[in-house]
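Listed below, chain by chain, are the residues.
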Amino acid sequence: MKGPSFGDIYYLEEDASVLGSDPFKADLVVRDVEVEPMQAKILVDHQSGGYILQNLEGATSVNGQQVEESCSLECGDRIFAGDSVLEFVERDHLREHFHRNIQRLINQDHLTGLLAKNRFDEQFEHSLEFVRERDLPLSVLMCDIDNLKKINDSYGHLLGEFTVAEIGRLIQESLDSEDAYATRFGGDEYQIVLPNLTKSEAVEVAEEIRVRIEDYVFEHNSVLANPTLSLGVATYPEDSDERDELTRAADEALYRAKDAGGNTTRR
């Protein structure tokens with residue numbers, strides 16, 4: 001209901017589920033730097049058939065009342081953790097459909113299906129906080145379609161729009177890690193965050209994406225396009241420890257790729 005994970009839906013499918021900010025320790029991951037790695041646990045109460053919330057770390061409240069150890073949960077209760085508020089409700093298909101549509105409108109870019117830019121930026125900050133605390137690397141890719149203007153001028157903007165959407169889909173399919181995510185940065189640019197990857201590992205991912213775009217057949221209404229992609233790579237901590245500076249460093253590497261003729265990756 002409130003916080004960086006606004007619009008997310010969590011399902012209680014186990015007898016016990018940990019709610020927290022650490023994706024390695026929590027079952028219900030709340031992307032909020034003010035939430036503890038393992039903030040609370042929600043358990044099935046086998047005697048009553050209901051649920052119990054058990055506080056683990058930090059301050060957790062239900063309906064504004066702080067939970068010292070544990071409390072029962074009723075439909076409609078609101079759980080306060082960090083800067084986030086979650087509503088505990090019984091599963092309802094109509095409500096679920098409504099929330100999924102809200103989640104899509106808030107979180108996804110309408111054309112590519114990638115994360116919306118504001119949601120991406122929130123996740124980026126959360127990932128940086130996570131790797132800083134654990135002394136892990138994080139890499140950023142900036143990508144740009146080399147010849148979109150030529151495609152638009154030759155075949156029209158509908159094919160150009162199709163190309164932008166398809167490249168976004170192919171980028172998403174290339175991110176085989178649950179921790180990685182991407183956004184459409186501008187009209188024909190994309191940004192990707194790769195937590196836990198060094199620069200060399202990120203260059204390998206970038207090259208896989210570049211080759212996939214180069215080899216893919218872009219066909220729309222019997223018209224073919226042949227876009228290519230240039231990519232730039234920057235990595236925390238060697239390039240910067242701030243989101244904007246990492247983006248700038250990756251963007252500068254991208255320009256070096258463009259200056260080299262495009263369809264390449266630079267670090």
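Before reading further, recall that the structure is shown in the block above.
Not measured: the values here are computed from a predicted model.

Draft legend 1. Summary view of the sheet that holds strand β10 (residues 138-145). Within the open sheet, the five strands sit side by side as β11-β12-β10-β15-β16. Their pairing is mixed. Each having just a single partner strand, β11 (181-184) and β16 (265-266) make up the two edges of the open sheet. This element, helix α4 (residues 157-174), spans β10, β11, β12 (189-195) and β15 (229-236) of the sheet and lies at about 5 degrees to β12.

Draft legend 2. Summary view of the packing of aromatic side chains. Applying the stated criterion across every chain yields a total of five aromatic pairs. With 6.0 Å between their ring centres and 70 degrees between their planes, F120 and F124 make a pair best called edge-to-face. With F120 and F124 both in helix α2 (residues 117-134) and four residues apart, the pair spans about one turn of that helix. Each of the two residues, F120 as well as F124, counts as buried.

Draft legend 3. Region of the structure containing the nonpolar core. Counting 29 residues, the largest nonpolar core has L141, I192 and I209 as the members making the most contacts within it. Listed by contribution, the elements that provide at least two residues to this core are β10, α3 (148-155), α4, β12, α5 (199-215) and β15. If we ignore the near neighbours within four places in the chain, the residues touching L141 are Y190, Q191, I192, L194, A202, A206, I209, L231, G232 and V233. Ranked by size, the runner-up nonpolar core spans 16 residues in total, among them F120, Y181, A249 and A250.

Draft legend 4. The environment of S84, seen in detail. If you trace the backbone, S84 turns up in strand β9 (residues 84-87). On the basis of relative accessibility, which here comes to 3%, the residue S84 falls in the buried class. The contacts of S84, once residues within four sequence positions are left out, are K2, G3, P4, V30, D32 and I79. Side chain to side chain, S84 and D32 meet in a polar contact 2.7 Å long.

Draft legend 5. Structural view of the pattern of salt bridges. For the structure shown, the criterion picks out 18 salt bridges. The salt bridge involving D22 is made with R134; its shortest N-O contact spans 3.1 Å. With a gap of 112 residues between them, D22 in the loop between β1 (16-20) and β2 (28-29) and R134 in helix α2 connect regions that are remote in the sequence. Judged by its relative accessible area of 2%, D22 falls in the buried class. By sharing partners, the salt bridges in this structure join K117, D121, E125, R243 and D244 into a single network.

Draft legend 6. Examining the pairing of β9 more closely. As defined by bridge partners, strand β8 (residues 78-81) adjoins β9 across four bridges and the pair is classed as antiparallel. Bridging across to β9, A81 finds its partner in S84. Between the end of β8 and the start of β9, which pair antiparallel, lie two residues, with G82 showing a positive phi angle near 60 degrees.

Draft legend 7. Local environment of the packing of α4 against α5. For the pair α4 and α5, interaxial distance at closest approach is 10 Å and the crossing angle is 140 degrees. Taken together, the axis directions place α4 and α5 in an arrangement best described as oblique. Relative to α5, α4 is oriented so that their crossing is right-handed. Note on element contacts: α5 touches α4 through I209, R212 and I213, opposite I167, L170, I171, E173 and S174.

Draft legend 8. Structural view of the sheet that holds β2. Across the sheet, which stays open at both edges, the five strands sit in the order β2-β1-β3-β4-β7 with mixed pairing between neighbours. Strands at the two margins of the open sheet, each flanked by one partner only, are β2 and β7 (70-73). Where β1 lies against strand β3 (residues 40-44), four bridges are found, and the strand directions are antiparallel. Paired with L19 across the bridge in β3 is A40.

Draft legend 9. The arrangement of the side chain of R119 in detail. Residue position: R119 is located in helix α2. Apart from residues lying up to four places away in sequence, R119 is in contact with P4, S5, F6, D8, R31 and N107.

Draft legend 10. View of a negative patch on the surface. A surface patch of like charges, here negative, comprises E13, E14, D15 and D27. Turning to its location among the elements, E14 is positioned in the segment before β1. Overall, E14 belongs to the exposed group, its relative accessible area being 54%.

About the thresholds
- Residues numbered from 1 in each chain as written.
- Predicted model: local features only at pLDDT ≥ 70, side-chain atom pairs only at ≥ 80, totals over all residues.
- Heavy atoms only, no water.
- Pairing = 2+ DSSP bridges.
- Helix = DSSP H or I, 4+ residues; strand = E, 2+ residues; numbered from the N terminus.
- Contact = heavy atoms within 4.5 Å.
- Axes fitted to C-alpha atoms, helices over the stretch in contact; angles between N-to-C directions.
- Phe/Tyr/Trp six-rings, centres within 6.5 Å; stacked < 30°, edge-to-face > 60°.
- Buried < 20%, exposed > 50% of the residue type's maximum accessible area, 1.4 Å probe, protein only.
- Core = buried A, V, L, I, M, F, W, Y, C linked by side-chain atoms within 4.5 Å.
- Polar contact = N/O pair within 3.5 Å; in protein donor to acceptor, adjacent residues only side chain to side chain.
- Salt bridge = Lys/Arg side-chain N within 4 Å of Asp/Glu carboxyl O.
- Parallel < 35°, antiparallel > 145°, perpendicular 65-115°, else oblique.
- Left-handed = near helix turned anticlockwise from the far one by under 90°.
- Patch = residues over 30% accessible without salt bridge, like charges linked within 9 Å, V, L, I, M, F, W, Y side chains within 5 Å.
- Areas by Shrake-Rupley, 256 points an atom, 1.4 Å probe, with all protein chains shown as cover.
- Lys, Arg positive; Asp, Glu negative; His and termini not counted.
- Charge placed at Lys NZ, Arg CZ, Asp CG, Glu CD.

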